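# Understanding the architecture of this molecule
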Amino acid sequence: MVITLIIAGLAGGAMPLLIKWDDRKLHIALSLSTGIFLGAIFLHMIPESYASWAIENSATIVQDSSLQPYNMWTTVLISVVILYFLKAIFVKPQRNNELQQHIAVSYASFLGLSLHALTVGLSLSIPNLNTGIILGLVSHKIFESFSLASIFLLAQFNPKKIIMLVMLFTSITPIGMILGDNIFPELPAEYRATAGAIALGTFLYVSISELLPEVFHNKKDIQLKITLIIVGIIGVGMLHHD
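Residues numbered from 1 in each chain as written. Predicted model: local features only at pLDDT ≥ 70, side-chain atom pairs only at ≥ 80, totals over all residues. Heavy atoms only, no water.

### Overview of a nonpolar patch on the surface
As a reminder, the rule being used: Surface patches are defined over residues having more than 30% relative accessible area and no salt bridge, joining like charges when they lie within 9 Å and nonpolar side chains (Val, Leu, Ile, Met, Phe, Trp, Tyr) when within 5 Å. Throughout, the Shrake-Rupley method with a 1.4 Å probe supplies accessible areas, and for residues the shown protein chains are the sole cover considered. When a carboxyl oxygen of Asp or Glu is within 4 Å of a side-chain nitrogen of Lys or Arg, the pair counts as a salt bridge. Numbering goes from the N terminus for both helices and strands, where a helix is a DSSP run of H or I of at least four residues and a strand is a run of E of at least two.
A grouping of Leu77, Ile78, Val81, Ile82, Tyr84, Phe85, Leu86, Ile89 and Phe90 is seen on the molecular surface, where their side chains present a nonpolar patch of about 900 Å² in accessible area. Mapped onto the fold, phenylalanine 90 is located in helix H3 (residues 67–90).

This is the structure:
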């Protein structure tokens, strides 16, 4: 299972590396990656995060269902605001500062995807995996690794660094499964719920505040970019791992 996910992730991450990119082509590929991120946020991560908070609340004395969305979105809001503050503090507004911003977005994307992958791994049990779950995980890893590699290219990471980061990312879900089965079998539900909400906040910030403006800051190929965003959303929407 571990090897399968790593191979799938490397396959997805290698796709952008096989093409000779210029700025125009890279922004077209980024359109697909942005659609994948948006689909992951609204069609997977929000339902999963809400379900995690519902499980956490059901295990406590307080049974007020109205607290479920409140607690979840409060955590998401805090994550988004912290990222804005960090950018304001550490990223200086210089005219030729695009590369520094792209690097920051790359690491924020890596962090958000990694947190999400870890929470997915912790919630799954290796002995209970079936073919449907495995295929869903493999499909997700291909899409997510493709998106990560595209963003890393925008930040001008070298191919060796991209492959290493993609390999690390694809290892996180299996590591989460092992930890969940052997070390943290009774991990409190609120920990997973909080990590999922932080990942969701990170993705919201990266997708809405960074990637979408980056995709459309140049009006060339506008129809193709819109089409690829929609394709990415639909593609992720068709994936299921449960």
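So that's the structure; there's more coming.
### Digging into the packing of aromatic side chains
Inclusion rule: Only centres within 6.5 Å qualify two rings of Phe, Tyr or Trp (six-membered ring in Trp) as a pair; their planes then separate them into stacked at under 30 degrees, edge-to-face at over 60, and tilted for everything else. Accessible area is worked out with a 1.4 Å probe on protein chains only. A residue is then buried under 20% of its type maximum, exposed over 50%, and partly exposed in between. Our definition puts a charge over a ring when NZ of Lys or CZ of Arg is within 6 Å of the ring centre and also within 35 degrees of the ring normal.
Taken as a whole, this structure holds three aromatic pairs when the rule is applied. Relative to phenylalanine 157, the ring of phenylalanine 152 has its centre 5.3 Å away and its plane inclined at 25°; by these criteria the two rings are stacked. Of the two residues, phenylalanine 152 and phenylalanine 157, neither departs from the other in class, the shared state being buried. Positioned over the ring face of phenylalanine 157 is lysine 161, at 4.2 Å from the centre of the ring.

### Notes on the nonpolar core
To be explicit about the condition: Remark: nonpolar core denotes a set of buried residues (Ala, Val, Leu, Ile, Met, Phe, Trp, Tyr, Cys) joined through side-chain atoms within 4.5 Å.
Residues Phe37, Phe152, Ile162, Leu200, Val206 and Leu211 are the most contacted members of the largest nonpolar core, which totals 40 residues. Taken together, the elements giving at least two residues each to this core come down to helix H2 (23–58), H3, helix H4 (98–123), helix H5 (131–154), helix H6 (159–183) and helix H7 (189–216).

### Quick word on the side chain of lysine 225
Inclusion rule: Residues scored as charged are limited to Lys and Arg (positive) and Asp and Glu (negative), so that His and the chain ends carry no count. In protein, a polar contact requires one atom able to donate a hydrogen and another able to accept it; more generally it is a pair of N or O atoms within 3.5 Å, and residues adjacent in sequence count only if both atoms are side-chain atoms. Only heavy atoms matter for contacts: two residues are in contact if any of them lie within 4.5 Å across the pair.
In this structure, lysine 225 sits in helix H8 (residues 222–237). Look at lysine 225: it is buried, it has no salt bridge, and the nearest opposite charge is aspartate 221 at 5.6 Å. Reaching out from lysine 225, the side chain makes a polar contact with the backbone oxygen of valine 215 at a distance of 2.8 Å. Residues in contact with lysine 225, not counting those within four places in the same chain, are His27, Ser31, Val215, Phe216, Asn218 and Lys220.

### Some points on H8
Quick reminder of the rule: Under the convention used throughout, the expected extent of a helix is 1.5 Å for every residue step, that is, one less than its residue count. Picture the helix axis, draw a direction to every C-beta atom, and the arc is the one those directions span.
Under the 1.5 Å per step criterion, the end-to-end length of H8 is 23 Å for 16 residues, consistent within 8% with the ideal 22 Å. What H8 keeps buried is the set Lys225, Leu228, Ile229, Gly232, Gly235 and Val236. In an axial view of H8, the angular spread of the buried residues amounts to 130°, which keeps them on one side of the axis.

### Comments concerning the pattern of salt bridges
Following the criterion strictly, the structure yields two salt bridges and no others. The closest approach of N and O atoms between aspartate 221 and arginine 24, which form a salt bridge, is 2.7 Å. Here the residue aspartate 221 occupies a position in the loop between H7 and H8, and arginine 24 occupies one in helix H2, the gap between them amounting to 197 residues. Across the pair glutamate 144 and lysine 141 runs a salt bridge, and its minimum N-O distance is 3.7 Å. Residue glutamate 144 and its partner lysine 141 are located together in helix H5, separated by three residues, close to a single helical turn. Of the two residues examined, glutamate 144 and lysine 141, each falls in the buried class.

### Quick word on the environment of glycine 235
Looking at where glycine 235 falls in the secondary structure, it is placed in helix H8. Between the alpha carbons of glycine 235 and isoleucine 36 there is a distance of 7.3 Å; along the sequence they are 199 residues apart.

### A short note on unusual backbone geometry
Across residues other than glycine, the phi torsion is negative in most instances, and most of the peptide bonds are trans. Positive phi outside glycine occurs at glutamine 156, with the angle close to 65°. Inspection of the secondary structure puts glutamine 156 in the loop between H5 and H6. Judged by relative accessible area, glutamine 156 falls into the exposed class, the value being 61%.

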